[in-house]
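Coordinate analysis (summary)
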Amino acid sequence: MIKSGKKDIRKLSQDQVKDFLTENGEKGFRAKQIQDWLWKSSAKSFDEMTNLSKKTRELLSENFEILPVTTFKSQKSSDGTIKSAFQLHDKHLVEGVLIPAEPRMTACISSQVGCSLTCSFCATGYMDRKRNLDAGEIYDQVVAINQQALDTFNTGLTNIVYMGMGEPLLNYKNMIESVEKITSPNGLNMASKRITVSTAGVAKMIRKLGDDEVKFNLALSLHAANDEKRNKIMPINEQNNLDVLRDALKYYFSKTKNPVTYEYIVFNNFNDSLQDAEELYQFTKHLPSKVNIIEYNPIAEADFLNAKVDKIQRFADYLSKKGVNVHVRRSRGKDIDAACGQLANKNKKGK
């Protein structure tokens, strides 16, 4: 792709835009108007900025560009789930999902093109990590999925989960900035408590979340509560084992007082026994938390299968009797490419 030489205006602060305007004979207060167009109104072009003069818009267009995410392909499931492959300015694809589940309307969004963590059960894990998404590209997914919700269900988003392609804590700066744009009164003005960031377990960055005293929720993709099993399916565990993660989560909680959510996919004859449930209980009991038991969407690249329904129920009942706040999340979008990474992997770069 040939670069235009123009700067991406969404990567500039309001003060930087103001400096540019005053240096070019424009009124500094226009910077706030421009920021509002970019982050409140989600403008995709300078022509949309109708309270700016034509001369000002031309000045911006000559020096800057807006690089919006576009919808490359969407699939709608019989259960209402909508999965989209979003195309970036360099033709890479990432995924976003609209999950309608009364009373929630949830957007699942991506933070990286591909992923470097190679989790063996995840379609994204079989893709190379190409690059991080910038804050604007993460923000654009939310805007696009919110519009899908309005168009399809006549209601906007209630929740956002960073559980799509990539590891959000390995794109920390852009992830944090995107949350700021989504939650700011000068942005989409969504409540921080409605946002959950999911990690495969980067202990150092979990501690940084604590130091930054973030307001959003944290989820740990656990999937096994002993190191031997977790090492088999999640290589990141070899450098961030369960003891290290437990200490990081305790530190995070001490700083934020936010309960932790544990995500646990139940694989057939791998991590679905009552012994596995007991190990999960032992891991989660150290701080306020909830456990989401998740049905698995099989992928062609891996041999894992979803556990039997009765086994999942026994697993959940065991935890519940121990006093664990546990929820079983039924698989959504089974009739489309619902597993994380499937749709983007199928289409590779947008053609």
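Residues numbered from 1 in each chain as written. Predicted model: local features only at pLDDT ≥ 70, side-chain atom pairs only at ≥ 80, totals over all residues. Heavy atoms only, no water.

Section: the overall build of the chain
The secondary structure content of the chain amounts to eleven helices and 14 strands. Projecting the C-alpha coordinates of the chain onto the three principal axes gives extents of approximately 70 × 40 × 35 Å. Expressed as a percentage of the 351 residues in the chain, the buried residues total 55%. Counting only carbon and sulfur atoms, one obtains 47% of the accessible surface of the chain, whose full area is about 16,100 Å². (Helix = DSSP H or I, 4+ residues; strand = E, 2+ residues; numbered from the N terminus. Buried < 20%, exposed > 50% of the residue type's maximum accessible area, 1.4 Å probe, protein only. Areas by Shrake-Rupley, 256 points an atom, 1.4 Å probe, with all protein chains shown as cover.)

What about the sheet that holds strand β9 (residues 159–162)?
An order of β3-β4-β5-β6-β9-β10-β11-β12-β13-β14 is seen for the ten strands of this open sheet, with the pairing classed as mixed. Among the strands making up the open sheet, the edge pair consists of β3 (70–76) and β14 (326–329). Averaged over neighbouring strand pairs, the angle between their axes works out to 20° when direction is ignored. The sheet contact formed by strand β6 (residues 104–108) and β9 spans three bridges and is parallel. Bridge pairing in β9 links Cys-108 to Val-161. Across the sheet, helix α10 (residues 309–321) is in contact with β12 (260–265), β13 (289–294) and β14; its angle to β14 comes to roughly 165°. (Pairing = 2+ DSSP bridges. Axes fitted to C-alpha atoms, helices over the stretch in contact; angles between N-to-C directions. Contact = heavy atoms within 4.5 Å.)

Focus on the nonpolar core
It is characteristic of soluble globular proteins that their nonpolar side chains tend to be buried jointly. Formed by 101 residues in total, the largest nonpolar core has its most connected members in Met-49, Leu-60, Phe-121, Tyr-162, Met-175 and Leu-319. Per-element tally for this core: the top contributor is helix α8 (residues 242–256), with six residues. Excluding residues that lie within four positions of it along the chain, Tyr-162 makes contacts with Ile-109, Ile-138, Pro-168, Met-175, Ser-178, Val-179, Ile-182, Ile-195, Thr-196, Val-197 and Ser-198. (Core = buried A, V, L, I, M, F, W, Y, C linked by side-chain atoms within 4.5 Å.)

Here we look at the pairing of strand β5 (residues 93–101)
With respect to burial, β5 is a largely interior element, seven of its nine residues being buried. As paired elements, strand β4 (residues 82–87) and β5 share six bridges and run antiparallel to each other. If you follow Gln-87 over to β5, its bridge partner there is Leu-93. Counted between consecutive antiparallel strands, the loop separating β4 from β5 contains five residues, among which Lys-91 sits at a positive phi close to 75°. By the bridge criterion, five bridges tie β5 to β6 in an arrangement that is antiparallel. In the sheet register, Leu-98 faces β6, and the bridge partner there is Ala-107. The hairpin turn running from β5 into β6, its antiparallel successor, is two residues long.

A word on the UniProt feature "binding site: [4Fe-4S] cluster" (unreviewed entry) in the chain
In this structure's numbering, the residues bearing the UniProt feature "binding site: [4Fe-4S] cluster" (unreviewed entry) are Cys-115, Cys-119 and Cys-122. Judged by relative accessible area, which is 10%, Cys-119 ranks as buried. Ignoring anything within four residues of it in the chain, the contact list for Cys-119 reads Gly-125, Tyr-126, Ile-233, Met-234 and Pro-235. In this fold, Cys-122 is placed in the loop between β7 (112–113) and β8 (131–132). (UniProt positions renumbered as here; feature names shortened; annotations may be inferred.)

Details of the pattern of salt bridges
Inspection of the entire model under this criterion finds 14 salt bridges. In this structure, Asp-140 engages Arg-10 in a salt bridge whose closest nitrogen and oxygen atoms are separated by 2.9 Å. Separated by 130 residues along the polypeptide, Asp-140 in helix α4 (residues 135–153) and Arg-10 in the loop between β1 (7–8) and α1 (14–23) bring together distant segments of the chain. Relative accessible area serves as the criterion here: at 9%, Asp-140 is assigned to the buried category. Between Lys-11 and Asp-134 there is a salt bridge, and its shortest N-O distance comes to 3.7 Å. Residue Lys-11 is found in the loop between β1 and α1, and its partner Asp-134 is found in the loop between β8 and α4; the two are separated by 123 residues along the sequence. Among the residues examined, Lys-11 registers a relative accessible area of 56% and is labelled exposed. (Salt bridge = Lys/Arg side-chain N within 4 Å of Asp/Glu carboxyl O.)

Details of the environment of Tyr-318
For Tyr-318, the location among the structural elements is in helix α10. C-alpha separation for the pair Tyr-318 and Gln-275, spaced 43 residues apart in sequence, amounts to 10.0 Å. Excluding residues within four positions of it along the chain, Tyr-318 makes contact with Leu-274, Ala-277 and Glu-278.

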